[in-house]
Amino acid sequence: MKRIGVLVFIIWFELLIVFAPAIDTYDHAFLVGRGMADVPFYLRLLGEGKSILSAISVLQADRYFHRGIGHTDEHHQEYLDEDHDDLSVDDVGQPSRSKKMNVFLRIPYEIGATEHMHLEQDQVKEIIPWLYYAVKMDPHNVQAYVLTAYWVIDRLGKTQEGINFLREGLKNNPDSWEINAELGRVYFQDTKDYTAAVRVLSRARRLLAGEEHDKFQEREVLSFLAYSYKALGQDEKARSVFLNISKLFPNDSTMKEKSKKTL
Amino acid sequence: MRVIVALVREMFLELLRKKDSYVLLILMLVLLGFLSAQTFFDIEGISRYMRDFGYTLVMLLSFVVAVTFSARQIPAEIESGTVYPLLAKPVSRFMLVFGKFCGAVVISSITFTLYFGVLVLFCFTAAGKAELILLAQSFLFGIMFLSMVSAVTVFFSVFMTTSANVAITFLMYFFMISFSDILRDAILTGKGFVASVFGAMYYLLPHFDFFDLRVRLTHAWDPVPLWVVAAVTAYTVVYCAGLLFFAGRLFGRKKL
């Protein structure tokens, strides 16, 4: 009996040695093929639901920016705008301290804060974890990359960390004009690396042309591109980009003047 | 009184004997430890998401302990037959229900205090005066929340099986936390029959949302006004008393 037990154990162990690495290799190849090899196990468990959670995480960052309070409740505002004048309203459109709202209905308003406030200065760092987790949950959430980079670089002064983060975003979303444009803006404004700015902004311009976009977005990309060319002394190219902008906004004479001055 | 103390003591010993609360405490320590080890772009002093997550965890885990402990008390006594020698002593059925409620409140409060202490150590070591008041209010609201949960669970345990009781209480908790605002809006904006139905639901269902100070605590808002603390305390006492009264009446009529 004991021998049989030992034999079964040896066979079981041999099977494990054969199958476990094979399954692991297959699993890894499967994930690499889908760009998910670096995604932690607990995020892979979420499946496609991680995109929804990522979007919620961005919204949570917005709530944090408003100190835990959501935006104005339009429902209440509509209600107040109609024929109900029994509710008073504070600055965010929430019914409050009304004579017709009994204590029971007022308690939730008193417990949850309702004042509309923004985080200021150094406090804005509190929104960063939610934006960070938004991209960790969904590395294709381009908006979250751009937003995070803005807060990290422009509001918290962590330029290099922000650039690295945008580069990571580009690795995950090489065809995103938004990330290219944001990286170009940062190279132009913060690091004054105009050569790098021209490289990524040109790419952003090319990608933008293949997608639906509004002319204000295009103007932003082209403006930084034009000024980057100008900073590099490539006036002819700068002039050409300024002219492109002026075609987008024919009634705006500023860009025409810029292109003339560049000559 | 002696009976109640004996029942509470018995439940306390059960809390020490069972591993549930220890496992949840370890889970909490691991999760908070993991979160506090996270860094974001070398930015220092990010704390609000930890407070947010920690407070939610404390409330949720205490809720789990309170529900799972209180739900099995009366059905287990009936199933094992230990309820008969208990009732053979000069103990009324109402006193038994009340004793179980007191025991549930005591054990869930002990667990809550432990978890809350861990949260304070992790997230509020440098709390200012206003935050200390808010922390004290959160603690008080936490105890009241657990009293309410215990009362609801003991009430259901008189006529439900343990699993049904746990499921219903969990559903009720998530429903009230998520949809209480919608019910209130329906009362304020609706008219006629619909408003009456939502109104009845709003006033009858237990308002677990009244005890949630997460936003205030996380985002360092001012403490809750005193009249609100008094109103919530009165609400808790009245609601619990009502539930225990009906639980006593139902248990009194129950054929054992």
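Residues numbered from 1 in each chain as written. Chains lettered and ligands numbered in written order. Predicted model: local features only at pLDDT ≥ 70, side-chain atom pairs only at ≥ 80, totals over all residues. Heavy atoms only, no water.

Colleague: When you look at the overall build of chain B in this model, what are you seeing that I'm missing?
Modeller: Secondary structure assignment for chain B yields 10 helices and 0 strands. Listing each helix as α and each strand as β along chain B from the N terminus yields α-α-α-α-α-α-α-α-α-α. Seen through its C-alpha atoms, chain B measures out along the principal axes to roughly 65 × 55 × 30 Å. Taken across its 256 residues, chain B has 50% of its residues classed as buried. Long-range pairs, those at least 24 residues apart, make up 81% of the contacts in chain B with a sequence separation of at least 6. Just so you have it, chain B exposes about 11700 Å², and 72% of that area is on carbon and sulfur atoms. Each charge sign in chain B was given a centre, from 20 positive and 14 negative side chains, and these centres are 14 Å apart. (Helix = DSSP H or I, 4+ residues; strand = E, 2+ residues; numbered from the N terminus. Buried < 20%, exposed > 50% of the residue type's maximum accessible area, 1.4 Å probe, protein only. Contact = heavy atoms within 4.5 Å. Areas by Shrake-Rupley, 256 points an atom, 1.4 Å probe, with all protein chains shown as cover. Lys, Arg positive; Asp, Glu negative; His and termini not counted. Charge placed at Lys NZ, Arg CZ, Asp CG, Glu CD.)

Colleague: Teacher, can you tell me more about the overall build of chain A here?
Modeller: Helix and strand counts for chain A stand at 13 helices and 0 strands. Counting across all 263 residues of chain A, residues that qualify as buried make up 41%. Sequence separation of at least 24 residues holds for 50% of the intrachain contacts in chain A that already meet a minimum separation of 6. Total accessible area on chain A is roughly 15400 Å²; 56% of this is exposed by carbon and sulfur atoms.

Colleague: Which parts of the structure should I look at to understand the pattern of salt bridges?
Modeller: Where charged atoms of side chains with opposite charge meet at close range, the side chains can pair. Residues and elements named next belong to chain B. Applying the stated criterion across every chain, the model contains 11 salt bridges over all chains. Close ionic contact of Arg72 with Glu14 constitutes a salt bridge, the shortest N to O distance being 3.5 Å. Taken together, the residues span a long stretch of sequence, with Arg72 in helix 3 (residues 48-80) and Glu14 in helix 1 (residues 2-17) at a distance of 58 residues. Taking relative accessible area as the criterion, Glu14 reaches 11% and is therefore assigned buried. Across the pair Arg51 and Glu131 runs a salt bridge whose closest N-O atoms are separated by 2.7 Å. Of the two residues, Arg51 is situated in helix 3 and Glu131 in helix 6 (residues 129-157); the sequence distance between them amounts to 80 residues. Of the two residues, Arg51 and Glu131, neither departs from the other in class, the shared state being buried. (Salt bridge = Lys/Arg side-chain N within 4 Å of Asp/Glu carboxyl O.)

Colleague: Mind showing me how you'd approach the nonpolar core here?
Modeller: Side chains of nonpolar character tend, in soluble globular proteins, to be buried together. Judged by nonpolar contacts, the single largest core of 144 residues is most densely connected at Ile127 and Ile128 of chain A together with Met28 and Phe145 of chain B. The contact partners of Ile127 of chain A, leaving out residues within four places of it in the chain, are Ala61, Tyr64, Phe65, Leu119 and Trp151 of chain A. (Core = buried A, V, L, I, M, F, W, Y, C linked by side-chain atoms within 4.5 Å.)

Colleague: Just checking my understanding: could you explain the interface of chain A and chain B for this structure?
Modeller: When the parts of a complex come together, some accessible area is lost, and that lost area is often taken as the interface size. Listed by partner, the interface residues are 41 residues for chain A and 38 residues for chain B. A buried area of about 3600 Å², summed over both sides, lies between chain A and chain B, and 68% of it is on carbon and sulfur atoms. If you sort the residues of chain A by the area they bury against chain B, Arg67, Phe104 and Ile111 of chain A come out on top, with a joint share of 20%. One can count 0 salt bridges joining chain A with chain B. There are 14 residue pairs in polar contact (both at pLDDT 80 or more) connecting chain A and chain B. Contributions of two or more residues to the side of chain A that touches chain B are made by helix 3 (49-65), helix 4 (74-81), helix 5 (103-111), helix 6 (128-137), helix 7 (142-155) and helix 8 (159-172) of chain A. (Buried area = accessible area lost by both parts, 1.4 Å probe. Polar contact = N/O pair within 3.5 Å; in protein donor to acceptor, adjacent residues only side chain to side chain.)

Colleague: How do you make sense of the side chain of Glu182 of chain A when you look at a structure like this?
Modeller: All names here are of chain A. Relative to the elements of secondary structure, Glu182 occurs in helix 9 (residues 177-191). On the basis of relative accessible area, Glu182 is assigned to the buried category, the value being 9%. Glu182 has contacts with Val146, Ala149, Tyr150 and Leu166, leaving out every residue within four places of it along the chain.

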